[in-house]
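# Descriptive structure summary
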Amino acid sequence: MKDCNDNVLSRMAETPLFAGLSEPDRASLATALNVRVKTCEAAELVTHECSPAAEIICVLAGRIHVYECGLKDGTRHLVNIMGPGEVYGASFPVQALKASPGMLVAAEAARVLVCKVEAVRQVMASGACPTLVANLYAAAVRQGFAAWRKVALLSCYEIADRVRLYLQWRSGEPDAAPIRLPELAAYLGVNRTALYRALGRLKKNDVTRNLVKAHVKMR
C-alpha cells in the first residue's frame, strides 16, 4: 500500500469509525492514532494472516477481500467482501492477538484508512473518546454479523439455496454494487459452472430473475 495525499480529516469523516465526532476531535485522533490514507492496486496484498495485528483498516473506496487460511497448505477461503464504510480489526484493541487472523487482498483499486491498534487501545484506556469506543463496538458487531452470514450460507447444502439466501440479503442492500460471478462462486464456496447453472434456473423465475439481474454480473 502507498500513502496518498488525500486530506486525512475529510476521509475520516467518511467512515463510520469516526462518525459523530467534531472536526477538532477528529484532528486530535488523527495525530493520536497515527491515521493514514493509503491506496491499493487491484490484487495487491493489504495484510497477510501472519502480519502483526497492529492496524485497523477502514475501506473508503473499492472492495477488499478477506481470506481465512484452510487446513491444507496454500488454501484460502473467501469469508467476506468489504466495501466502503466497512472496518477490519475493530476488535483488535480488546484482543490479545499477535497476528492478523485473516489475509486482506484488494479486489480492485481501493483506498483505505489505517490507524494503529496500540494507539486506539491507549485512547480507550484513557476514556477520552467514548464515541470512538461506541463506533468500534458497532464495527466489531458488523464484522461478527458478516462471519455469521458466511456460516449460514455454508450450512445450505444446495447451491441454489445458498444463492437464494445471498440474494435475499443483497435485496436489503440496494446500494451495494453487483458482484461478479467468479467472485460470488468463491464467496459461496461452489464451482463456477455449477453456480452459473443455478443462476440460470433462478432467472426463469420472475422474482429471482430481477434479483440475479440486480446483484450478479454474469460475465
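Our structure's up above, just so we're on the same page.
Residues numbered from 1 in each chain as written. Predicted model: local features only at pLDDT ≥ 70, side-chain atom pairs only at ≥ 80, totals over all residues. Heavy atoms only, no water.

Turning our eyes to something else, we now look at the sheet that holds strand β1 (residues 2-3). Reading across the sheet, the 5 strands line up as β1-β2-β9-β4-β7 and stay open at both edges, with antiparallel pairing between neighbours. Single-partner strands in this sheet number two, and they are β1 and β7 (87-88). Pairing analysis gives 6 bridges linking strand β4 (residues 55-61) to strand β9 (residues 110-116), with the strands arranged antiparallel. The partner of I57 across the bridge, within β9, is V114. Packed on one face of the sheet, helix α3 (residues 117-126) meets β4 and β9 and runs near 55 degrees to β9. (Pairing = 2+ DSSP bridges. Helix = DSSP H or I, 4+ residues; strand = E, 2+ residues; numbered from the N terminus. Contact = heavy atoms within 4.5 Å. Axes fitted to C-alpha atoms, helices over the stretch in contact; angles between N-to-C directions.)

Glancing now at the packing of aromatic side chains. Going through the model one piece at a time under the given rule, you end up with 4 aromatic pairs. Where W148 meets W169, the ring centres are 6.1 Å apart and the plane angle is 50 degrees; that geometry is what we call tilted. Placement of the pair is W148 in helix α4 (residues 130-154) and W169 in helix α5 (residues 159-170), with a sequence separation of 21 residues. Through pairs of rings, three or more aromatic residues link up here, namely F145, W148 and W169. Across from the ring centre of Y187, 4.8 Å away, lies the NZ or CZ of K150, which sits over that ring. (Phe/Tyr/Trp six-rings, centres within 6.5 Å; stacked < 30°, edge-to-face > 60°. Lys NZ or Arg CZ within 6 Å of the ring centre and 35° of its normal.)

Quick look at the nonpolar core now. Grouped together as the largest cluster of nonpolar side chains are 40 residues, with contacts concentrated most on L17, F18, L29, L33, I56, I64 and L132. Here F18 is in contact with M12, R26, L29, L33, V35, L113, L132 and N135, once residues within four sequence places are set aside. W169, L184, L195 and V216 belong to the second-largest nonpolar core, a separate cluster that totals 25 residues. (Core = buried A, V, L, I, M, F, W, Y, C linked by side-chain atoms within 4.5 Å. Buried < 20%, exposed > 50% of the residue type's maximum accessible area, 1.4 Å probe, protein only.)

Here we come to helix α8 (residues 206-215). Looking only at α8, the buried set comprises T208, V212 and H215. End-on view of α8: buried residues confined to an arc of 90 degrees, all on one side of the axis. For α8, the exposed residues lying more than 90 degrees away from the buried face are D206 and K213. Those residues of α8 that are buried lie in contact with α5, β10 (179-180), α7 (192-202) and β11 (216-217). Between the side-chain oxygen of the N-cap and the backbone nitrogen of V207 there are 2.8 Å, and the N-cap of α8 in question is N205. (Arc of directions from axis to C-beta. Polar contact = N/O pair within 3.5 Å; in protein donor to acceptor, adjacent residues only side chain to side chain.)

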